[in-house]
Amino acid sequence: MCHVGGRSTEGGARREVHSPFDGSLVSVVDDANPSIVARAVESAREAGEAMARVPAHERAARLSRVADAIRADAKELARLMARETGKSLREAAIELARGEAVIRLCAEEATRLEGRQIPLDGSALGVDTLAVSRRFPVGVVAMIVPFNAPINLTCHKLGPALAAGNTSVLKSPPEAPATVARLFDHVQRSGFPAGAVNLVHGGADVGQALVQDPRVDFISFTGSLRGGRAVKDATGMRPCILELGGIGPTVVHEDADVERAAQACVAAGYRLAGQSCASVQNVFVHEGVAERFEAAMVARVRRLKAGDPLDEATDLGPVINAAAAERIGTRIGEAVAAGARLLCGGGRDGNLLEPALLADVPLTARAACEEIFGPVVLLHRYADLAGVIRWVNDSGFGINFGLFTGSIAVALQVHRTVVAGAVIVNGTSTFRPDQMPYGGDRLSGYGRECPRDTVRAMTRERLIVFQ
């Protein structure tokens, strides 16, 4: 059910959620309708005064209770997430640990919010004048979370909002409503005022109704490029953070540690069955090490086990649904038809895809220049690094850029010239410790997400001047 003002709410259409692995029934949810969305926003608005009376140390203490609850419930939460999303138990456990850490970081940030003193006597007009600022909650924060990391990404949105003293309306992913609802229950029991957190379920129509409500003051969205454009169109002058897609560029330069690079690219390219906005997708390998790197990749990919997400030995489970599996298979087929070599994998059994590795994929193929969001990695040979940078910049995407090299000069050259949120030296595009500012530019989104930066983004700075 949806939760509005501290109470379960009925009224929307009932929907079943089935396992993407075996089709078994996992959960049943009542989706929101426009009336429920409007009531959730109103509830958050009305709770603003009560939330404003909760001091920073109490917000921190209540967030710490949430983190404790996540730790205590991690085993069952991981199993529920694996069943709803197809994520392997191993990956689900990692996500739960990360989510707990994010909430603890947000608890710390709640006590660190500070303003500043502006030295106005730097000009004649400001002599004998005192100017200081404080930061205040932005108001009602709307949050839209995807299925691929439902716990961690909820924590990255809800944790900062509560740390900053905001109220919120959270929309769960339609593929993982029970997972997010279980986390939400822990937040509700932590002691925040009734209505400070509200939960609605549903698809894009529910998300659109939420972000279009003018009483929402801030929007945090993680999802597809298409969804991000719709959110941006609806936000107008209101601030937002958009975390969208990418094409996972990672370079293996001629002086790279080939074995280290291959191991990292396999781990990052096929985790979550490739369903990550920063998943390694396009690997550019210098022609001098291309054969060695290709052989190292093939050997490692063939050892990966795709299967039942509840099996501890499984490396990657199924993709989220049949439509995703069909789309990914089509992209692989198009690339092969255009001249690519399928080095291994690519088979399909329902929603379960064998991890695929391709080489010599034309850079104009959709598998290369669009986000594939599946267990597929493409290898491209290059001689000129500047040409790789031009192609990446021309793609319009820009989250993380991975670079394996032993040269500081090469690393600094890439840092100067590539358009990306971060350059990860001797790591892949997937690298993301949760306290690191994370996000992209252009088609990959707007703003940065990490506890410190997001808490500040979800506040307003207000100046007071004494003359």
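Up top is the structure.
Model, not experiment: these values are computed from the prediction.

**Re the overall build of the protein chain**
Here's step 1: Assigned secondary structure in the protein chain consists of 16 helices and 22 strands.
Here's step 2: A globule of 467 residues ought to have a C-alpha radius of gyration of about 23 Å, and the protein chain, at 23 Å, matches this closely.
Here's step 3: Once the C-alpha set of the protein chain is aligned to its principal axes, its extents read approximately 70 × 65 × 40 Å.
Here's step 4: Relative to its full complement of 467 residues, the protein chain shows a buried share of 56%.
Here's step 5: Across the protein chain, contacts joining residues at least 24 apart in sequence account for 72% of those joining residues at least 6 apart.
Here's step 6: Element-wise, carbon and sulfur atoms account for 52% of the exposed surface of the protein chain, whose accessible area totals about 18,900 Å².
Here's step 7: If you average the places of the 52 positive and of the 53 negative side-chain charges in the protein chain, the two averages end up 3 Å apart.

**As for helix H6 (residues 150-163)**
Here's step 1: With 14 residues, H6 should cover 20 Å at 1.5 Å per step; its first-to-last C-alpha distance of 19 Å lies within 8% of that length.
Here's step 2: Taken across its 14 residues, H6 has 14 buried, putting it largely inside the fold.

**What about a nonpolar patch on the surface?**
Here's step 1: Where nonpolar side chains cluster on the molecular surface, the patch consists of Leu130, Ile464 and Phe466 and spans about 270 Å² of accessible area.
Here's step 2: In this fold, Phe466 is placed in strand S22 (residues 459-466).
Here's step 3: For Phe466, a relative accessible area of 45% puts it in the partly exposed group.

**As for the environment of Gly396**
Here's step 1: In this structure, Gly396 sits in the loop between helix H14 (385-395) and strand S19 (400-404).
Here's step 2: Remark: the alpha-carbon pair of Gly396 and Ala306, spanning 90 residues in sequence, is separated by 32 Å.
Here's step 3: Setting aside residues up to four positions removed in sequence, Gly396 forms contacts with Asp441, Arg442, Leu443 and Ser444.

**Overview of the sheet that holds strand S12 (residues 249-252)**
Here's step 1: A sheet is described by the order of its strands in space; here seven strands give the open sequence S14-S17-S18-S13-S12-S19-S20, paired in mixed fashion. With one partner strand each, in any of the chains shown, strand S14 (341-344) and strand S20 (422-425) form the two edges of the open sheet. Going across the sheet, the axis of each strand differs from the next one's by a mean of 25 degrees, ignoring polarity.
Here's step 2: Relative to strand S18 (residues 376-382), strand S17 (residues 356-359) runs parallel, the two being bridged by four bridges. Note that in S18 the partner of Leu357 across the bridge is Val377.

**Re the pairing of strand S4 (residues 25-30)**
Here's step 1: Judged from the five bridges that link them, strand S3 (residues 14-18) and S4 form a sheet pairing that is antiparallel. When the bridges of S4 are listed, Arg14 appears paired with Asp30.
Here's step 2: Adjacent in sequence and paired antiparallel, S3 and S4 are bridged by six residues, among which Gly23 carries a positive phi angle near 80 degrees.

**Some details on the side chain of Asn198**
Here's step 1: On the secondary structure map, Asn198 appears in strand S9 (residues 197-200).
Here's step 2: Of note is the side chain of Asn198, whose polar atom sits 3.1 Å from the backbone oxygen of Ser168.
Here's step 3: A distance of 2.8 Å separates the side chain of Asn198 from the backbone oxygen of Gly195, its partner in a polar contact.
Here's step 4: What Asn198 contacts, discounting residues up to four positions off in sequence, is His3, Val4, Gly5, Ala40, Ser43, Ala44, Ser168, Val169, Leu170 and Phe184.

**A closer look at the sheet that holds strand S5 (residues 117-118)**
Here's step 1: Spatial ordering of the open sheet is given by S5-S6-S22, a layout of three strands whose pairing is antiparallel. Lying at the two open borders of the sheet, with one neighbouring strand each, are S5 and S22.
Here's step 2: Sheet topology places strand S6 (residues 130-137) next to S22; eight bridges connect them, and they run antiparallel. Residue pairing for S22: Ser133 is matched across the bridge by Leu463.

**Some thoughts on the packing of helix H8 (residues 204-212) against helix H9 (residues 225-235)**
Here's step 1: Close contact between H8 and H9 brings their axes to 9 Å; oriented N to C, the two are set at 25 degrees. Classified by the interaxial angle, the pair formed by H8 and H9 is roughly parallel. Judged by the twist between their axes, the crossing of H8 over H9 is right-handed. Contacts between H8 and H9 involve Gln208, Val211 and Gln212 from the former and Ala230, Val231 and Ala234 from the latter.
Here's step 2: The class makeup of the residues in the contact of H8 with H9 is four nonpolar, two polar and no charged.

**Quick notes on the environment of Ile144**
Here's step 1: Turning to its location among the elements, Ile144 is positioned in strand S7 (residues 140-144).
Here's step 2: Among the residues examined, Ile144 registers a relative accessible area of 7% and is labelled buried.
Here's step 3: Spatially, the C-alpha atom of Ile144 lies 6.3 Å from that of Thr222, the residues being 78 residues apart in sequence.
Here's step 4: Ignoring anything within four residues of it in the chain, the contact list for Ile144 reads Lys157, Lys171, Gly207, Val211, Ser220, Phe221 and Thr222.

Criteria and cut-off values
Residues numbered from 1 in each chain as written. Predicted model: local features only at pLDDT ≥ 70, side-chain atom pairs only at ≥ 80, totals over all residues. Heavy atoms only, no water. Helix = DSSP H or I, 4+ residues; strand = E, 2+ residues; numbered from the N terminus. Rg over C-alpha atoms; globule rule 2.2 N^0.38 Å. Buried < 20%, exposed > 50% of the residue type's maximum accessible area, 1.4 Å probe, protein only. Contact = heavy atoms within 4.5 Å. Areas by Shrake-Rupley, 256 points an atom, 1.4 Å probe, with all protein chains shown as cover. Lys, Arg positive; Asp, Glu negative; His and termini not counted. Charge placed at Lys NZ, Arg CZ, Asp CG, Glu CD. Expected span 1.5 Å × (residues − 1). Patch = residues over 30% accessible without salt bridge, like charges linked within 9 Å, V, L, I, M, F, W, Y side chains within 5 Å. Salt bridge = Lys/Arg side-chain N within 4 Å of Asp/Glu carboxyl O. Pairing = 2+ DSSP bridges. Axes fitted to C-alpha atoms, helices over the stretch in contact; angles between N-to-C directions. Polar contact = N/O pair within 3.5 Å; in protein donor to acceptor, adjacent residues only side chain to side chain. Parallel < 35°, antiparallel > 145°, perpendicular 65-115°, else oblique. Left-handed = near helix turned anticlockwise from the far one by under 90°. Nonpolar A, V, L, I, M, F, W, Y, C, P; charged D, E, K, R; others polar.

Purely geometric stuff here, so don't read any function into it on its own.
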